[in-house]
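Residues per chain are reported as follows:
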Protein chains: 2
Amino acid sequence: MNDSKEHIVLVASKLFLQKSFKEVTMSELVKATGLSKGAFYHYFVSKEQLFMEVLDFFFTSVMTHRYEKYSRESFYQFYHDYANEIYEYGKKYLDRFELDENDCDLSQNYFTLAFDALKLFPEFKEKMIAGLKLELDIWTEVIKNAREKGEIQCLMTDEQIARTFINLSDGIAMHMVIKGSTIMEMVPPFMELWDKLYEMMKA
Amino acid sequence: MNDSKEHIVLVASKLFLQKSFKEVTMSELVKATGLSKGAFYHYFVSKEQLFMEVLDFFFTSVMTHRYEKYSRESFYQFYHDYANEIYEYGKKYLDRFELDENDCDLSQNYFTLAFDALKLFPEFKEKMIAGLKLELDIWTEVIKNAREKGEIQCLMTDEQIARTFINLSDGIAMHMVIKGSTIMEMVPPFMELWDKLYEMMKA
DNA sequence: TTAATTAAACCGAACATTCGGTATGTTAAC
DNA sequence: GTTAACATACCGAATGTTCGGTTTAATTAA
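So, here's what we can say about the structure.

About the thresholds
- Throughout, residues of each chain are indexed from 1 in the direction in which the sequence is written.
- Chain letters and ligand numbers both follow the written order, the letters beginning at A and the numbers at 1.
- Selection of residues for local features in this predicted model requires a pLDDT of at least 70, selection of side-chain atom pairs for listing and counting requires 80 or more, and totals for whole chains, interfaces and linings are taken over all residues.
- Only hydrogens and water are set aside when side-chain values are computed; all heavy atoms of the structure are taken into account.
- Helical segments are the DSSP runs of H or I of at least four residues, strand segments are the runs of E of at least two, and each set is numbered from the N terminus.
- A simple rule labels every residue: compare its accessible area, found with a 1.4 Å probe on the protein chains alone, to the largest value its type can have, and call it buried under 20%, exposed over 50%, or partly exposed in between.
- Counted as a polar contact is a pair of N or O atoms within 3.5 Å, where, for protein atoms, one must be capable of donating a hydrogen and the other of accepting one, and residues adjacent in sequence contribute only when both atoms are in side chains.
- It only takes one pair of heavy atoms within 4.5 Å for two residues to be counted as in contact.
- A cutoff of 4 Å decides nearness: a residue is near a molecule or strand if any of its heavy atoms lies inside that distance of it.
- Axis lines are fitted to C-alpha atoms, over the contacting stretch for helices. Their N-to-C directions set the angle, which ranges from 0 to 180 degrees.
- For classification, angles of less than 35 degrees are called roughly parallel, those exceeding 145 degrees roughly antiparallel, those between 65 and 115 degrees roughly perpendicular, and all remaining angles oblique.
- Under the grouping applied here, Gly and all other residues not named as nonpolar or charged are polar, the nonpolar ones being Ala, Val, Leu, Ile, Met, Phe, Trp, Tyr, Cys and Pro and the charged ones Asp, Glu, Lys and Arg.
- In this description, a nonpolar core means a group of buried Ala, Val, Leu, Ile, Met, Phe, Trp, Tyr and Cys residues linked to one another through side-chain atoms lying within 4.5 Å.
- Least-squares superposition aligns the copies on the C-alpha atoms of those residues with pLDDT at or above 70 in both.

**Some thoughts on the side chain of E23 of chain B**
Part 1 of the reasoning: Mapping E23 of chain B onto the fold places it in the loop between α1 (3-18) and α2 (26-33).
Part 2 of the reasoning: For E23 of chain B, a relative accessible area of 12% translates into the label buried.
Part 3 of the reasoning: In terms of polar contacts, E23 of chain B uses its side chain to reach the side chain of K119 of chain A, at 3.2 Å.
Part 4 of the reasoning: Residues in contact with E23 of chain B, not counting those within four places in the same chain, are K22, D116 and K119 of chain A together with E28 of chain B.

What follows is the structure in C-alpha coordinates.
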(Lines give C-alpha, C1' and ligand atoms only; values in the text may rest on other atoms or scores of the structure.)
Protein backbone atom coordinates (compact mmCIF):
# COMPACT_ATOMS: atom_id res chain seq x y z
CA MET A 1 0.00 0.00 0.00
CA ASN A 2 1.05 3.56 -0.67
CA ASP A 3 2.74 5.48 2.12
CA SER A 4 0.20 8.28 2.19
CA LYS A 5 -2.72 5.91 2.08
CA GLU A 6 -1.31 3.92 4.96
CA HIS A 7 -0.74 7.11 6.85
CA ILE A 8 -4.35 8.15 6.32
CA VAL A 9 -5.61 4.79 7.56
CA LEU A 10 -3.48 5.01 10.67
CA VAL A 11 -4.51 8.54 11.52
CA ALA A 12 -8.13 7.70 10.78
CA SER A 13 -7.93 4.65 13.05
CA LYS A 14 -6.90 6.85 15.89
CA LEU A 15 -9.82 9.18 15.25
CA PHE A 16 -12.39 6.42 14.77
CA LEU A 17 -11.30 4.95 18.09
CA GLN A 18 -12.09 8.21 19.80
CA LYS A 19 -15.23 9.19 17.93
CA SER A 20 -17.91 7.46 15.94
CA PHE A 21 -18.05 7.32 12.18
CA LYS A 22 -20.42 10.25 12.04
CA GLU A 23 -18.54 12.32 14.54
CA VAL A 24 -15.28 12.18 12.65
CA THR A 25 -15.41 14.96 10.10
CA MET A 26 -13.67 15.00 6.76
CA SER A 27 -12.12 18.37 7.47
CA GLU A 28 -10.94 17.08 10.82
CA LEU A 29 -9.54 13.95 9.29
CA VAL A 30 -7.84 15.79 6.46
CA LYS A 31 -6.33 18.26 8.90
CA ALA A 32 -5.08 15.44 11.12
CA THR A 33 -3.38 13.71 8.22
CA GLY A 34 -1.67 16.90 7.10
CA LEU A 35 -2.90 16.23 3.60
CA SER A 36 -5.77 17.73 1.64
CA LYS A 37 -9.25 16.66 0.67
CA GLY A 38 -8.01 16.15 -2.82
CA ALA A 39 -5.34 13.80 -1.62
CA PHE A 40 -7.87 11.88 0.38
CA TYR A 41 -10.25 11.35 -2.49
CA HIS A 42 -7.33 10.36 -4.63
CA TYR A 43 -6.93 7.26 -2.44
CA PHE A 44 -10.46 6.62 -1.23
CA VAL A 45 -13.76 6.83 -3.01
CA SER A 46 -15.60 7.79 0.17
CA LYS A 47 -15.46 8.20 3.90
CA GLU A 48 -17.23 4.87 4.16
CA GLN A 49 -14.52 3.06 2.26
CA LEU A 50 -11.91 4.51 4.56
CA PHE A 51 -13.91 3.31 7.53
CA MET A 52 -14.03 -0.16 6.09
CA GLU A 53 -10.29 -0.19 5.59
CA VAL A 54 -9.80 1.06 9.12
CA LEU A 55 -11.96 -1.77 10.42
CA ASP A 56 -10.03 -4.27 8.39
CA PHE A 57 -6.73 -2.88 9.61
CA PHE A 58 -7.84 -2.77 13.21
CA PHE A 59 -9.64 -6.07 13.56
CA THR A 60 -7.41 -8.22 11.43
CA SER A 61 -4.04 -6.66 12.18
CA VAL A 62 -4.14 -4.95 15.55
CA MET A 63 -6.85 -6.77 17.43
CA THR A 64 -6.35 -10.43 16.58
CA HIS A 65 -5.21 -13.16 18.88
CA ARG A 66 -2.52 -15.44 17.57
CA TYR A 67 -3.75 -18.54 19.29
CA GLU A 68 -1.16 -20.73 17.66
CA LYS A 69 1.45 -18.99 19.78
CA TYR A 70 -0.21 -19.84 23.06
CA SER A 71 0.87 -22.87 24.98
CA ARG A 72 -1.41 -25.89 24.73
CA GLU A 73 0.52 -27.81 27.33
CA SER A 74 -1.62 -26.63 30.20
CA PHE A 75 -4.71 -24.52 30.60
CA TYR A 76 -2.80 -22.45 33.12
CA GLN A 77 -0.09 -21.63 30.62
CA PHE A 78 -2.67 -21.01 27.90
CA TYR A 79 -4.63 -18.35 29.69
CA HIS A 80 -1.47 -16.72 30.95
CA ASP A 81 -0.16 -16.54 27.41
CA TYR A 82 -3.51 -15.17 26.33
CA ALA A 83 -3.47 -12.45 28.98
CA ASN A 84 0.10 -11.64 28.17
CA GLU A 85 -0.74 -11.11 24.53
CA ILE A 86 -3.48 -8.70 25.52
CA TYR A 87 -0.92 -6.85 27.55
CA GLU A 88 1.41 -6.77 24.59
CA TYR A 89 -1.47 -5.46 22.50
CA GLY A 90 -1.74 -2.60 24.88
CA LYS A 91 1.84 -1.60 24.39
CA LYS A 92 1.78 -2.15 20.64
CA TYR A 93 -1.44 -0.18 20.56
CA LEU A 94 -0.07 2.82 22.41
CA ASP A 95 3.02 2.61 20.31
CA ARG A 96 1.24 2.24 17.00
CA PHE A 97 -0.98 5.19 17.65
CA GLU A 98 1.74 7.21 19.29
CA LEU A 99 -0.14 7.91 22.48
CA ASP A 100 1.26 8.55 25.87
CA GLU A 101 -0.53 7.15 28.89
CA ASN A 102 -2.20 10.48 29.57
CA ASP A 103 -4.32 10.91 26.50
CA CYS A 104 -5.46 7.35 26.02
CA ASP A 105 -8.96 7.53 27.40
CA LEU A 106 -9.71 6.34 23.93
CA SER A 107 -9.24 2.72 24.83
CA GLN A 108 -12.93 2.92 25.36
CA ASN A 109 -13.68 2.87 21.78
CA TYR A 110 -12.71 -0.60 20.87
CA PHE A 111 -16.30 -1.35 21.76
CA THR A 112 -17.91 1.63 20.11
CA LEU A 113 -15.82 1.00 17.03
CA ALA A 114 -17.16 -2.53 16.91
CA PHE A 115 -20.74 -1.41 17.45
CA ASP A 116 -20.34 1.27 14.83
CA ALA A 117 -19.05 -1.30 12.42
CA LEU A 118 -22.00 -3.55 13.10
CA LYS A 119 -24.41 -0.74 12.38
CA LEU A 120 -22.79 0.42 9.17
CA PHE A 121 -21.82 -2.92 7.70
CA PRO A 122 -24.22 -5.69 8.65
CA GLU A 123 -21.94 -8.25 7.03
CA PHE A 124 -19.46 -7.44 9.77
CA LYS A 125 -21.72 -9.16 12.24
CA GLU A 126 -21.21 -12.63 10.83
CA LYS A 127 -17.48 -12.07 10.87
CA MET A 128 -17.51 -11.05 14.51
CA ILE A 129 -19.74 -13.90 15.55
CA ALA A 130 -17.48 -16.32 13.73
CA GLY A 131 -14.52 -14.84 15.57
CA LEU A 132 -16.23 -15.24 18.93
CA LYS A 133 -17.17 -18.80 18.07
CA LEU A 134 -13.59 -19.64 17.12
CA GLU A 135 -12.30 -18.17 20.34
CA LEU A 136 -14.77 -20.21 22.37
CA ASP A 137 -13.90 -23.38 20.50
CA ILE A 138 -10.19 -22.97 21.10
CA TRP A 139 -10.65 -22.30 24.79
CA THR A 140 -13.00 -25.27 25.07
CA GLU A 141 -10.50 -27.54 23.40
CA VAL A 142 -7.68 -26.44 25.67
CA ILE A 143 -9.86 -26.94 28.73
CA LYS A 144 -10.95 -30.34 27.52
CA ASN A 145 -7.33 -31.41 27.26
CA ALA A 146 -6.54 -29.99 30.66
CA ARG A 147 -9.35 -31.99 32.20
CA GLU A 148 -8.33 -35.16 30.43
CA LYS A 149 -4.77 -34.75 31.62
CA GLY A 150 -6.01 -34.27 35.15
CA GLU A 151 -4.89 -30.68 35.39
CA ILE A 152 -8.31 -29.48 36.44
CA GLN A 153 -11.63 -30.83 37.60
CA CYS A 154 -14.87 -28.92 37.74
CA LEU A 155 -18.64 -29.23 37.85
CA MET A 156 -18.89 -27.14 34.74
CA THR A 157 -18.63 -28.48 31.23
CA ASP A 158 -15.59 -27.52 29.22
CA GLU A 159 -17.55 -24.97 27.28
CA GLN A 160 -19.03 -23.47 30.41
CA ILE A 161 -15.57 -22.95 31.83
CA ALA A 162 -14.46 -21.39 28.58
CA ARG A 163 -17.43 -19.04 28.53
CA THR A 164 -16.85 -18.11 32.14
CA PHE A 165 -13.26 -17.11 31.51
CA ILE A 166 -13.90 -15.29 28.25
CA ASN A 167 -17.04 -13.44 29.21
CA LEU A 168 -15.62 -12.51 32.57
CA SER A 169 -12.70 -10.74 30.94
CA ASP A 170 -14.97 -8.99 28.47
CA GLY A 171 -17.21 -7.79 31.26
CA ILE A 172 -14.25 -6.45 33.16
CA ALA A 173 -12.93 -4.79 30.03
CA MET A 174 -16.24 -3.01 29.64
CA HIS A 175 -16.20 -1.78 33.19
CA MET A 176 -12.64 -0.55 32.83
CA VAL A 177 -13.52 1.20 29.62
CA ILE A 178 -16.24 3.12 31.42
CA LYS A 179 -13.69 4.14 33.99
CA GLY A 180 -11.36 5.27 31.22
CA SER A 181 -8.63 2.71 31.76
CA THR A 182 -6.15 1.58 29.15
CA ILE A 183 -6.04 -1.92 27.73
CA MET A 184 -2.98 -2.74 29.75
CA GLU A 185 -4.66 -1.80 33.00
CA MET A 186 -7.41 -4.29 32.26
CA VAL A 187 -5.21 -7.34 32.50
CA PRO A 188 -4.46 -7.49 36.24
CA PRO A 189 -8.12 -7.25 37.33
CA PHE A 190 -9.28 -10.20 35.29
CA MET A 191 -6.05 -12.09 35.87
CA GLU A 192 -6.76 -11.93 39.57
CA LEU A 193 -10.15 -13.55 39.06
CA TRP A 194 -8.91 -16.03 36.47
CA ASP A 195 -6.24 -17.26 38.84
CA LYS A 196 -8.76 -17.71 41.63
CA LEU A 197 -11.14 -19.58 39.37
CA TYR A 198 -8.29 -21.76 38.25
CA GLU A 199 -7.31 -22.45 41.82
CA MET A 200 -10.87 -23.58 42.51
CA MET A 201 -10.68 -26.03 39.64
CA LYS A 202 -7.18 -27.30 40.15
CA ALA A 203 -7.16 -31.03 40.66
CA MET B 1 -44.57 16.37 32.86
CA ASN B 2 -46.67 17.36 29.89
CA ASP B 3 -48.09 14.63 27.69
CA SER B 4 -46.39 15.82 24.53
CA LYS B 5 -43.07 16.29 26.25
CA GLU B 6 -43.25 12.81 27.70
CA HIS B 7 -44.14 11.47 24.29
CA ILE B 8 -41.13 13.17 22.76
CA VAL B 9 -38.81 11.73 25.41
CA LEU B 10 -40.18 8.25 24.85
CA VAL B 11 -39.89 8.39 21.07
CA ALA B 12 -36.43 9.93 21.38
CA SER B 13 -35.35 7.18 23.75
CA LYS B 14 -36.25 4.61 21.17
CA LEU B 15 -34.23 6.45 18.55
CA PHE B 16 -31.22 7.08 20.78
CA LEU B 17 -31.15 3.39 21.59
CA GLN B 18 -30.84 2.60 17.91
CA LYS B 19 -28.55 5.39 16.82
CA SER B 20 -26.01 7.67 18.42
CA PHE B 21 -26.69 11.23 19.45
CA LYS B 22 -25.21 12.56 16.22
CA GLU B 23 -26.94 10.06 14.03
CA VAL B 24 -30.41 10.96 15.26
CA THR B 25 -31.39 14.10 13.40
CA MET B 26 -33.95 16.66 14.40
CA SER B 27 -36.02 16.12 11.28
CA GLU B 28 -36.08 12.42 11.93
CA LEU B 29 -37.02 12.91 15.53
CA VAL B 30 -39.70 15.46 14.78
CA LYS B 31 -41.17 13.22 12.13
CA ALA B 32 -41.15 10.24 14.49
CA THR B 33 -42.99 12.15 17.18
CA GLY B 34 -45.65 13.30 14.75
CA LEU B 35 -45.17 16.82 16.04
CA SER B 36 -43.30 19.78 14.60
CA LYS B 37 -40.02 21.54 15.21
CA GLY B 38 -41.92 24.34 16.82
CA ALA B 39 -43.45 21.91 19.25
CA PHE B 40 -40.10 20.41 20.03
CA TYR B 41 -38.40 23.68 20.77
CA HIS B 42 -41.37 24.69 22.83
CA TYR B 43 -40.47 21.94 25.29
CA PHE B 44 -36.72 21.67 24.88
CA VAL B 45 -34.05 24.28 24.46
CA SER B 46 -31.81 21.99 22.44
CA LYS B 47 -31.21 18.51 21.16
CA GLU B 48 -28.64 18.12 23.90
CA GLN B 49 -31.15 18.84 26.61
CA LEU B 50 -33.46 16.23 25.18
CA PHE B 51 -30.61 13.74 25.20
CA MET B 52 -29.94 14.50 28.82
CA GLU B 53 -33.56 13.95 29.71
CA VAL B 54 -33.55 10.72 27.75
CA LEU B 55 -30.51 9.57 29.69
CA ASP B 56 -32.14 10.51 32.93
CA PHE B 57 -35.33 8.71 31.96
CA PHE B 58 -33.52 5.65 30.79
CA PHE B 59 -30.89 5.21 33.47
CA THR B 60 -32.91 6.24 36.47
CA SER B 61 -36.31 4.92 35.48
CA VAL B 62 -35.93 2.06 33.04
CA MET B 63 -32.48 0.71 33.79
CA THR B 64 -32.18 0.78 37.56
CA HIS B 65 -32.05 -2.16 39.88
CA ARG B 66 -34.29 -1.98 42.92
CA TYR B 67 -31.95 -3.84 45.19
CA GLU B 68 -34.18 -3.34 48.21
CA LYS B 69 -36.64 -5.70 46.60
CA TYR B 70 -34.19 -8.55 46.31
CA SER B 71 -34.01 -11.19 48.96
CA ARG B 72 -31.14 -10.89 51.41
CA GLU B 73 -31.90 -14.19 53.03
CA SER B 74 -29.61 -16.17 50.80
CA PHE B 75 -27.15 -15.37 48.05
CA TYR B 76 -28.94 -17.89 45.90
CA GLN B 77 -32.24 -16.07 46.26
CA PHE B 78 -30.55 -12.72 45.77
CA TYR B 79 -29.02 -13.43 42.43
CA HIS B 80 -32.14 -15.19 41.25
CA ASP B 81 -34.17 -12.11 42.16
CA TYR B 82 -31.59 -10.00 40.42
CA ALA B 83 -31.76 -12.04 37.24
CA ASN B 84 -35.52 -12.07 37.40
CA GLU B 85 -35.61 -8.28 37.56
CA ILE B 86 -33.46 -8.10 34.45
CA TYR B 87 -35.90 -10.40 32.75
CA GLU B 88 -38.76 -8.16 33.85
CA TYR B 89 -36.82 -5.21 32.49
CA GLY B 90 -36.77 -6.90 29.18
CA LYS B 91 -40.52 -7.22 29.08
CA LYS B 92 -41.12 -3.74 30.43
CA TYR B 93 -38.61 -2.48 27.90
CA LEU B 94 -40.27 -4.09 24.92
CA ASP B 95 -43.60 -2.94 26.24
CA ARG B 96 -42.51 0.60 26.97
CA PHE B 97 -41.05 1.08 23.56
CA GLU B 98 -43.79 -0.82 21.81
CA LEU B 99 -41.50 -3.23 20.04
CA ASP B 100 -42.27 -6.71 18.93
CA GLU B 101 -39.56 -9.36 19.21
CA ASN B 102 -38.68 -8.98 15.56
CA ASP B 103 -37.44 -5.44 15.41
CA CYS B 104 -35.57 -5.27 18.67
CA ASP B 105 -32.02 -5.64 17.47
CA LEU B 106 -31.76 -2.34 19.24
CA SER B 107 -31.13 -3.93 22.58
CA GLN B 108 -27.57 -3.45 21.48
CA ASN B 109 -27.59 0.15 22.22
CA TYR B 110 -27.81 0.12 25.93
CA PHE B 111 -24.04 0.10 25.71
CA THR B 112 -23.64 2.63 22.96
CA LEU B 113 -26.11 4.87 24.71
CA ALA B 114 -23.98 4.72 27.82
CA PHE B 115 -20.77 5.36 25.91
CA ASP B 116 -22.40 8.22 24.08
CA ALA B 117 -23.48 9.69 27.36
CA LEU B 118 -19.97 9.44 28.72
CA LYS B 119 -18.59 11.27 25.74
CA LEU B 120 -21.12 14.08 25.74
CA PHE B 121 -21.51 14.61 29.45
CA PRO B 122 -18.31 13.86 31.34
CA GLU B 123 -20.14 14.31 34.64
CA PHE B 124 -22.09 11.20 33.72
CA LYS B 125 -18.97 9.17 34.24
CA GLU B 126 -18.83 9.77 37.99
CA LYS B 127 -22.49 8.83 38.22
CA MET B 128 -21.95 5.58 36.38
CA ILE B 129 -18.87 4.67 38.37
CA ALA B 130 -20.76 5.39 41.57
CA GLY B 131 -23.56 3.14 40.34
CA LEU B 132 -21.14 0.33 39.57
CA LYS B 133 -19.51 0.76 42.95
CA LEU B 134 -22.87 0.59 44.71
CA GLU B 135 -23.78 -2.55 42.84
CA LEU B 136 -20.49 -4.19 43.78
CA ASP B 137 -20.90 -3.21 47.42
CA ILE B 138 -24.37 -4.66 47.65
CA TRP B 139 -23.34 -7.93 46.06
CA THR B 140 -20.29 -8.10 48.31
CA GLU B 141 -22.42 -7.55 51.38
CA VAL B 142 -24.90 -10.26 50.41
CA ILE B 143 -22.07 -12.68 49.71
CA LYS B 144 -20.42 -11.85 53.02
CA ASN B 145 -23.61 -12.72 54.83
CA ALA B 146 -24.01 -15.91 52.84
CA ARG B 147 -20.52 -16.99 53.79
CA GLU B 148 -21.04 -16.13 57.44
CA LYS B 149 -24.23 -18.11 57.52
CA GLY B 150 -22.44 -21.05 56.00
CA GLU B 151 -24.40 -20.94 52.76
CA ILE B 152 -21.24 -20.85 50.66
CA GLN B 153 -17.53 -21.31 50.98
CA CYS B 154 -14.94 -20.28 48.47
CA LEU B 155 -11.27 -19.47 47.95
CA MET B 156 -12.23 -16.07 46.63
CA THR B 157 -12.86 -13.05 48.78
CA ASP B 158 -16.42 -11.76 48.95
CA GLU B 159 -15.64 -8.94 46.58
CA GLN B 160 -13.95 -11.27 44.11
CA ILE B 161 -17.06 -13.42 44.02
CA ALA B 162 -19.20 -10.35 43.51
CA ARG B 163 -17.02 -9.12 40.67
CA THR B 164 -17.04 -12.54 39.07
CA PHE B 165 -20.83 -12.70 39.02
CA ILE B 166 -21.37 -9.11 37.92
CA ASN B 167 -18.67 -8.90 35.28
CA LEU B 168 -19.56 -12.29 33.92
CA SER B 169 -23.11 -11.19 33.22
CA ASP B 170 -21.93 -7.95 31.65
CA GLY B 171 -19.55 -9.80 29.40
CA ILE B 172 -22.29 -12.14 28.30
CA ALA B 173 -24.62 -9.21 27.73
CA MET B 174 -22.05 -7.66 25.44
CA HIS B 175 -21.65 -10.83 23.45
CA MET B 176 -25.39 -11.19 23.12
CA VAL B 177 -25.68 -7.61 22.03
CA ILE B 178 -23.25 -8.27 19.21
CA LYS B 179 -25.38 -11.19 18.18
CA GLY B 180 -28.46 -8.98 18.24
CA SER B 181 -30.23 -10.67 21.10
CA THR B 182 -32.83 -9.04 23.30
CA ILE B 183 -32.33 -8.36 26.97
CA MET B 184 -34.58 -11.23 27.93
CA GLU B 185 -32.54 -13.69 25.93
CA MET B 186 -29.47 -12.70 27.88
CA VAL B 187 -30.71 -14.02 31.17
CA PRO B 188 -30.59 -17.80 30.62
CA PRO B 189 -26.99 -17.85 29.37
CA PHE B 190 -25.55 -16.12 32.40
CA MET B 191 -28.00 -17.84 34.74
CA GLU B 192 -26.59 -21.15 33.59
CA LEU B 193 -23.10 -20.07 34.54
CA TRP B 194 -24.15 -18.36 37.75
CA ASP B 195 -25.87 -21.52 38.94
CA LYS B 196 -22.80 -23.59 38.19
CA LEU B 197 -20.54 -21.16 39.98
CA TYR B 198 -22.89 -21.22 42.92
CA GLU B 199 -22.89 -24.97 42.95
CA MET B 200 -19.11 -24.90 43.11
CA MET B 201 -19.25 -22.65 46.14
CA LYS B 202 -22.12 -24.28 47.96
CA ALA B 203 -21.03 -25.41 51.38
C1' DT C 1 23.09 15.23 -19.76
C1' DT C 2 19.25 17.41 -20.70
C1' DA C 3 14.80 18.43 -22.44
C1' DA C 4 10.13 16.73 -23.26
C1' DT C 5 6.24 13.87 -21.95
C1' DT C 6 3.34 11.56 -19.00
C1' DA C 7 1.30 10.05 -15.00
C1' DA C 8 0.68 10.09 -10.12
C1' DA C 9 0.25 12.86 -6.02
C1' DC C 10 -1.77 16.51 -4.17
C1' DC C 11 -4.31 21.00 -3.39
C1' DG C 12 -8.34 23.87 -1.97
C1' DA C 13 -12.23 26.54 -3.49
C1' DA C 14 -16.85 25.52 -4.66
C1' DC C 15 -20.98 22.43 -4.60
C1' DA C 16 -25.44 20.69 -3.17
C1' DT C 17 -27.39 19.02 0.76
C1' DT C 18 -28.45 18.59 5.48
C1' DC C 19 -27.77 20.01 9.98
C1' DG C 20 -29.59 22.17 14.54
C1' DG C 21 -31.91 26.11 15.62
C1' DT C 22 -35.00 30.46 15.19
C1' DA C 23 -38.61 33.74 13.95
C1' DT C 24 -43.09 34.32 12.96
C1' DG C 25 -47.11 32.85 12.61
C1' DT C 26 -51.99 30.34 13.92
C1' DT C 27 -55.26 28.38 16.98
C1' DA C 28 -57.86 27.47 20.92
C1' DA C 29 -58.69 27.86 25.84
C1' DC C 30 -59.38 30.61 29.78
C1' DG D 1 -56.66 39.67 25.30
C1' DT D 2 -53.28 37.03 27.10
C1' DT D 3 -51.00 32.73 26.96
C1' DA D 4 -49.78 27.90 26.09
C1' DA D 5 -49.42 24.70 22.37
C1' DC D 6 -48.28 23.94 18.41
C1' DA D 7 -47.09 24.68 12.96
C1' DT D 8 -44.41 26.60 9.02
C1' DA D 9 -41.03 28.90 6.76
C1' DC D 10 -36.67 29.98 7.03
C1' DC D 11 -31.43 30.74 8.45
C1' DG D 12 -26.46 30.22 8.57
C1' DA D 13 -23.13 26.89 9.45
C1' DA D 14 -21.28 22.49 8.61
C1' DT D 15 -21.39 18.29 6.05
C1' DG D 16 -19.25 14.85 2.40
C1' DT D 17 -17.96 15.19 -2.19
C1' DT D 18 -16.38 17.11 -6.70
C1' DC D 19 -13.48 19.16 -9.85
C1' DG D 20 -10.21 22.16 -12.22
C1' DG D 21 -5.97 22.87 -11.39
C1' DT D 22 -0.72 22.59 -9.77
C1' DT D 23 3.26 20.33 -8.22
C1' DT D 24 6.30 16.45 -8.11
C1' DA D 25 8.25 12.29 -9.71
C1' DA D 26 9.18 8.89 -13.13
C1' DT D 27 9.99 7.79 -18.04
C1' DT D 28 11.46 8.48 -22.48
C1' DA D 29 13.78 11.03 -26.46
C1' DA D 30 17.24 13.69 -28.22
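**Re the protein's contact with DNA strand C**
Part 1 of the reasoning: Taken together, 17 residues sit near DNA strand C, with S36 and Y43 of chain A together with M26, K37 and Y41 of chain B positioned nearest.
Part 2 of the reasoning: Protein-proximal atoms of DNA strand C, defined as those within 4 Å of the protein, fall in sugar or phosphate at a share of 61%.
Part 3 of the reasoning: A distance of 2.7 Å separates a phosphate oxygen of DNA strand C from a polar atom in the backbone of S36 of chain A.
Part 4 of the reasoning: Y41 of chain B is positioned with one of its side-chain polar atoms (N or O) 2.7 Å from a phosphate oxygen of DNA strand C.
Part 5 of the reasoning: Tallying contributions element by element places helix α3 (residues 37-43) of chain A first for the surface near DNA strand C, with 5 residues.

**Let's talk about the packing of helix α8 (residues 158-179) of chain A against helix α6 (residues 109-120) of chain B**
Part 1 of the reasoning: Where α8 of chain A contacts α6 of chain B, the two axes come as close as 10 Å, and the packing angle between them is 20°. For the element pair α8 of chain A / α6 of chain B, the angle class is roughly parallel. Packed against α8 of chain A, whose contacting residues are M174, V177 and I178 of chain A, the element α6 of chain B presents F111, F115 and L118 of chain B at the interface.
Part 2 of the reasoning: Residue composition of the contact of α8 of chain A with α6 of chain B, by class: 6 nonpolar, no polar and no charged.

**Notes on the nonpolar core**
Soluble globular proteins tend to bury their nonpolar side chains together.
Part 1 of the reasoning: Ranked by internal contacts, the top residues of the largest apolar core, which has 152 residues, are F75 and W139 of chain A together with F75 and W139 of chain B.
Part 2 of the reasoning: In this structure W139 of chain A touches Y67, F75, F78, Y79, Y82, A162, F165, I166 and W194 of chain A, once residues within four positions along its chain are discounted.

**Section: the relation of the copies chain A and chain B**
Part 1 of the reasoning: Taken as rigid bodies, chain A and chain B are interconverted by a rotation of 180° and an axial shift of 0.0 Å, the fit giving an RMSD of 0.1 Å. Overall, the copies show the geometry of a two-fold rotation axis.
Part 2 of the reasoning: A symmetric contact is evident, with 100% of the interface residues of chain A recurring at the interface of chain B.

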